[in-house]
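Here are the chains, one letter per residue:
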Amino acid sequence: MGSYFVSAVTVIDVKPSADGAGLVDLTVTLWCENALHGAERPWELVRTGRLNHTGMWHELAPGDRHAWLSVALWSREYQRQGKADAPAGQVFTLDGRHVVDQDTFYCAIGEAINGPGGYFGWNLDALDDCLRGGWGATTPFTLHWDFSAEARTRLAEREPVGDREPALFDLLLEIFEELGVSVILR
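What you see is a predicted model; the values in this text were computed from it and never measured.

Conventions we followed
Residues numbered from 1 in each chain as written. Predicted model: local features only at pLDDT ≥ 70, side-chain atom pairs only at ≥ 80, totals over all residues. Heavy atoms only, no water. Helix = DSSP H or I, 4+ residues; strand = E, 2+ residues; numbered from the N terminus. Buried < 20%, exposed > 50% of the residue type's maximum accessible area, 1.4 Å probe, protein only. Contact = heavy atoms within 4.5 Å. Areas by Shrake-Rupley, 256 points an atom, 1.4 Å probe, with all protein chains shown as cover. Pairing = 2+ DSSP bridges. Axes fitted to C-alpha atoms, helices over the stretch in contact; angles between N-to-C directions. Core = buried A, V, L, I, M, F, W, Y, C linked by side-chain atoms within 4.5 Å. Disulfide = S-S within 2.5 Å. Expected span 1.5 Å × (residues − 1). Polar contact = N/O pair within 3.5 Å; in protein donor to acceptor, adjacent residues only side chain to side chain.

**Student:** Explanation requested: the overall build of the protein chain in the structure shown.
**Tutor:** In terms of helices and strands, the protein chain carries 7 helices and 5 strands. In sequence order, the protein chain lays out its α and β elements as β-β-α-α-α-β-α-α-β-α-α-β. Scored against the burial criterion, the 186 residues of the protein chain give a buried share of 40%. Relative to all contacts within the protein chain whose residues are 6 or more apart in sequence, the contacts with residues 24 or more apart total 63%. With the model as given, the accessible surface of the protein chain reaches about 10100 Å², and the carbon-plus-sulfur share is 52%.

**Student:** Quick question: what am I supposed to make of the sheet that holds strand 3 (residues 91-95) here?
**Tutor:** Remark on secondary structure: sheet strands pair via backbone hydrogen bonds, oriented parallel or antiparallel. As summarised here, the arrangement of the 3 strands in space is 3-4-5, forming an open sheet in which the pairing is parallel. One side of each edge strand has no neighbouring strand; the edge strands of this open sheet are strand 3 and strand 5 (181-185). Averaged over neighbouring strand pairs, the angle between their axes works out to 25 degrees when direction is ignored. Sheet topology note: the strand 4 (residues 141-146)/strand 5 ladder contains 5 bridges and is parallel. In the strand pairing of strand 5, F141 is matched with V181. Sheet strands touched by helix 4 (residues 102-114): strand 3 and strand 4. Its angle to strand 3, the strand with the most contacts, is close to 145 degrees. This element, helix 7 (residues 168-178), spans strand 4 and strand 5 of the sheet and lies at about 140 degrees to strand 5.

**Student:** Just to check I follow, could you spell out the nonpolar core for this structure?
**Tutor:** Nonpolar side chains tend toward joint burial in soluble globular proteins. Formed by 47 residues in total, the largest nonpolar core has its most connected members in F105, L172 and F176. Counting residues per element, the ones that place at least two in this core are helix 1 (40-48), helix 2 (62-74), strand 3, helix 4, helix 5 (124-131), strand 4 and helix 7. Here this core takes 7 residues from helix 4, the largest share from any one element. With near-sequence residues (within four places) excluded, F105 lies in contact with L94, V99, L127, W145, L155, L172 and F176.

**Student:** Could you clarify how one ought to interpret the state of the cysteines in this entry?
**Tutor:** In protein structure, a disulfide is the covalent linkage between the sulfur atoms of two cysteines. This model, assessed by the stated rule, comprises 0 disulfides. Left without a disulfide partner, C107 is nearest to the cysteine sulfur of C130, which lies 13 Å away. For C107, a relative accessible area of 2% corresponds to the buried category.

**Student:** Help me understand helix 4 in this model?
**Tutor:** Along an α-helix, residues three or four positions apart point the same way, because every turn accommodates 3.6 residues. Taking 1.5 Å as the rise per residue, helix 4 with 13 residues should run 18 Å; its terminal C-alpha atoms sit 18 Å apart, in good agreement. Counting buried positions along helix 4 yields 11 of 13 residues, so the element is predominantly enclosed. Taken as a whole, helix 4 has its buried residues at D103, T104, F105, Y106, C107, A108, I109, G110, E111, A112 and I113. Among the structural elements, helix 2, strand 3, helix 5, strand 4 and helix 7 are those in contact with the buried residues of helix 4. The distance from a side-chain oxygen at the start of helix 4 to the backbone nitrogen of D103 is 3.3 Å, and the residue carrying that oxygen is D101. Two residues or fewer after helix 4 comes G115, characterised by a positive phi angle close to 85 degrees.

Structure (structure tokens):
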């Protein structure tokens, strides 16, 4: 269903197992560096198969949005189940109505490319990686960005790039263009 790197295990309880003589049941706590507070709900949706429609991240608090993205990343292989990337030339639609910050942009594009709970980056470096293949889409492709004017006003924070600081929205457009994505702002 997903995976985290476990860097510490603490045994909480040990008792004889009902499964057979000589066996024990352990209760442990795991310290997972990558597990984020707020990830419990999305993991439960993945586990129960209820992560099945778009927009489930819309009402999340800002801190929980990043946790949602972490679950999308760490459950990606399970959710895709060996499905190949969409071939080059595809058209995807990004709904910009709920893009209010960087995390919601990544929630929206993950969903546009890979469906409910989908992953397609959670920072600029990860987006760059995703656009190079193996993450759900093959460039070149077309991205119809609906409600892009609203998203542009919300993604106005400046990002340092060399000796300049473009707005995040403009930087995203530059990255898309550089890596073969035709963006149609609607």
